[in-house]
Amino acid sequence: MDIFYEKEHQDCRYNQSLEKPQIEVGTILKGESGSLFISGNEIVFFLEGRIWFIFNDFFEHEGEKGEILFLPAGRKYNYQVMADTVFIVFRIHGQIHLCNNFEQRDLRELKQVSDGYEHHISHFNTLNITPRLWHFLIGVSDCVSDGLCCRYYFEIKTKELLLLFRTYYSKAELCEFFFLILSGDMSFSEIIRLNWHKYATVKDLADSMHLTRKQFNSRFLTV
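Counting of residues starts from 1 at the beginning of each chain's written sequence and follows it residue by residue. Where local features are concerned, this predicted model is filtered to residues with pLDDT of at least 70; where side-chain atom pairs are given and counted, the filter is 80 or more; whole-chain, interface and lining totals use all residues. The basis for every side-chain value is the complete set of heavy atoms in the structure, and neither hydrogens nor water enter the calculation.

## A few points about the pattern of salt bridges
By salt bridge we mean one thing: a side-chain nitrogen of Lys or Arg within 4 Å of a carboxyl oxygen of Asp or Glu. Within the structure shown, the criterion is met by 7 salt bridges. For E62, the salt bridge is made with R50, and the minimal N-O distance between the two is 2.7 Å. With E62 in strand β4 (residues 59–64) and R50 in strand β3 (residues 41–55), the pair connects residues that are 12 residues apart, well separated along the chain. Looking at E62, the relative accessible area reads 26%, which means it is partly exposed. When a residue's accessible area, from a 1.4 Å probe over protein chains only, is under 20% of the maximum for its type it is buried; when over 50% it is exposed; and in between it is partly exposed. For R50, a relative accessible area of 32% puts it in the partly exposed group. Through salt bridges with shared partners, a single network forms among E24, E42 and R91. Secondary structure elements are taken from DSSP: a helix is a run of H or I of four residues or more, a strand is a run of E of two residues or more, and numbering for both begins at the N terminus.

This is the structure:
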């Protein structure tokens, strides 16, 4: 569907026609392969196809149509496309705010209730796309395909997406899905995830955070 005033949209300072916009709709073909370094948390929805992910060479996952995959920041992934794949990526900036009354720290508190979550660090955690979420994703995909690449639109839709998570999935499901970013010190751990690759040594990373090595080790062990 055509949009009105396309040139105005393209010239607008809020236009996000970037390599990695906040919301991206894409297609990758069977046989393609490569590696990704994720600099920010990403939620990936598979609308069609199958794709094989390998995380740091020690665990694997095959994403397929109807599945949602969470890729935490600061990690490297290899992939192999098994069938032509259509996907939507939402890049989440900052902490997860499912709604004003339920935030990332609430999931962390839920995580602490159980001692049996250790196994989750060994594999990807996924969700299935609900009917309501399918409807939402098709609308977003259509608008992006029409050329709507507005940062304001992306921010609104990202907030709507997180509210839909809050509405149509249980707290236990969400806790498992976001497990890899739920820690005792959200701000500290987020800094580590986003910046560890920029520094040659632990001391350099600690210095960047204005911490002594002893202070850094103490904070790190409590995460």
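## A word on the nonpolar core
Counting residues in hydrophobic clusters, the biggest one holds 37 residues, and the most contacted among them are I43, F45, I68, F90, L133, F165 and F178. At the level of elements, β3, β5 (67–71), β6 (75–92), β7 (97–99), α3 (131–146), α4 (151–168) and α5 (171–177) are the ones that each hand at least two residues to this core. Counting residues per element, this core draws most heavily on α4, which supplies 6 residues. In this description, contact between two residues means that some pair of their heavy atoms is separated by no more than 4.5 Å. With near-sequence residues (within four places) excluded, F90 lies in contact with Q22, I23, N41, E42, I43, F45, F136, L137, V140, K157, T158 and L161. Only buried Ala, Val, Leu, Ile, Met, Phe, Trp, Tyr and Cys residues count toward a nonpolar core, and they belong to the same one when joined by side-chain atoms within 4.5 Å. Grouped together as the second largest cluster of nonpolar side chains are 15 residues, I28, Y79, V81 and F87 included.

## Overview of the pairing of β4
What you see with β4 is a clean split: F59, H61 and G63 sit on the buried side and E60, E62 and E64 on the side with no burial. Relative to β4, β3 runs antiparallel, the two being bridged by 6 bridges. Across the sheet, the residue bridging to I54 is E60, located in β4. A strand pair is defined by DSSP finding two or more bridges across the two strands.

## Some words on α3
Compared with the 22 Å implied by 1.5 Å per residue over 16 residues, the 23 Å span of α3 between its first and last C-alpha is a close match. Those residues of α3 that are buried are in contact with β1 (23–28), β3, β5, β6 and α4. Looking one or two places after α3, you find G147, whose phi comes out positive at around 110°. Expected helix span is given by 1.5 Å per residue-to-residue step, counting one fewer step than there are residues.

## A closer look at the confidence of the model for the chain
Looking at the chain, the pLDDT average stands at 82 and 79% of residues meet or exceed 70. The secondary-structure element of the chain with the lowest mean pLDDT is helix α6 (residues 186–195), recorded at 62, while α3 shows the highest, at 96. Residue-level confidence of the predictor, termed pLDDT, takes values from 0 up to 100. Long-range and interchain partners of residues 114–122, a stretch whose pLDDT sits below 50, account for 12 contacts in this model, where long-range means more than four residues apart.

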